[in-house]
Amino acid sequence: MEPSELKQLLQQGLPDAQIQIDGDGRHFDLVIISSEFIGKSKVQQQQRVYQIVNAAIADGSLHALSMKTYTPEQWATINQNQ
């Protein structure tokens, strides 16, 4: 799976998301910022992402994800502190 394909898949499931992707076609590092994450724990946020990509993992086109998920407010705070 190409990074652009993964980004498109994620944006279909999280239409308002800002997504940063780095990867080699099977292993990806993600940063996802979405208002859908507001009020959800980190586990719930990651579960939501896995719901979106589960079929790609099941068919082997995607092997592994490492992700950091943020609400827009959390992301703004992180960027102010840098």
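Residues numbered from 1 in each chain as written. Predicted model: local features only at pLDDT ≥ 70, side-chain atom pairs only at ≥ 80, totals over all residues. Heavy atoms only, no water.

Student: Mind showing me how you'd approach the environment of Ser 4 here?
Tutor: Within the secondary structure, Ser 4 is located in helix H1 (residues 3–13). For the pair Ser 4 and Ala 56, spaced 52 residues apart in the sequence, the C-alpha separation amounts to 14 Å. (Helix = DSSP H or I, 4+ residues; strand = E, 2+ residues; numbered from the N terminus.)

Student: Would you take a moment to explain the sheet that holds strand E2 (residues 27–33) for this structure?
Tutor: To summarise the sheet geometry, strands pair through backbone hydrogen bonds and adopt either a parallel or an antiparallel arrangement. In spatial order, the strands read E1-E2-E3; together these three strands make up an open sheet with mixed pairing. Bordering the open sheet on either side are strand E1 (18–23) and strand E3 (64–70), each of which pairs with just one other strand. On average, each strand axis in the sheet is inclined to that of its neighbour by 15°, with strand direction left out of account. Sheet analysis places E1 next to E2, joined by six bridges and oriented antiparallel. If you follow Gln 20 over to E2, its bridge partner there is Val 31. Where helix H2 (residues 42–58) meets the sheet, its contacts fall on E2 and E3, and the angle it forms with E3 comes to roughly 130°. Packing against the sheet, helix H3 (residues 72–80) makes contact with E1, E2 and E3, and its axis sits at approximately 85° to E3. (Pairing = 2+ DSSP bridges. Axes fitted to C-alpha atoms, helices over the stretch in contact; angles between N-to-C directions. Contact = heavy atoms within 4.5 Å.)

Student: I keep staring at the pairing of E2 and nothing clicks. Help me out?
Tutor: If a strand is regular, its side chains alternate between the two faces of the sheet. Of all seven residues that make up E2, five are buried, and the element is covered over most of its length. Taking the residues that link successive antiparallel strands as the turn, the E1-E2 hairpin has three residues, and the phi of Gly 25 there is positive, at about 105°. Sheet topology places E2 next to E3; seven bridges connect them, and they run parallel. Along E3, the bridge assignment pairs Leu 30 with Met 67. The parallel pair E2 and E3, bridged by H2, forms a crossover whose chirality is right-handed. (Buried < 20%, exposed > 50% of the residue type's maximum accessible area, 1.4 Å probe, protein only. Right-handed = clockwise from strand over helix to strand, strands pointing away.)

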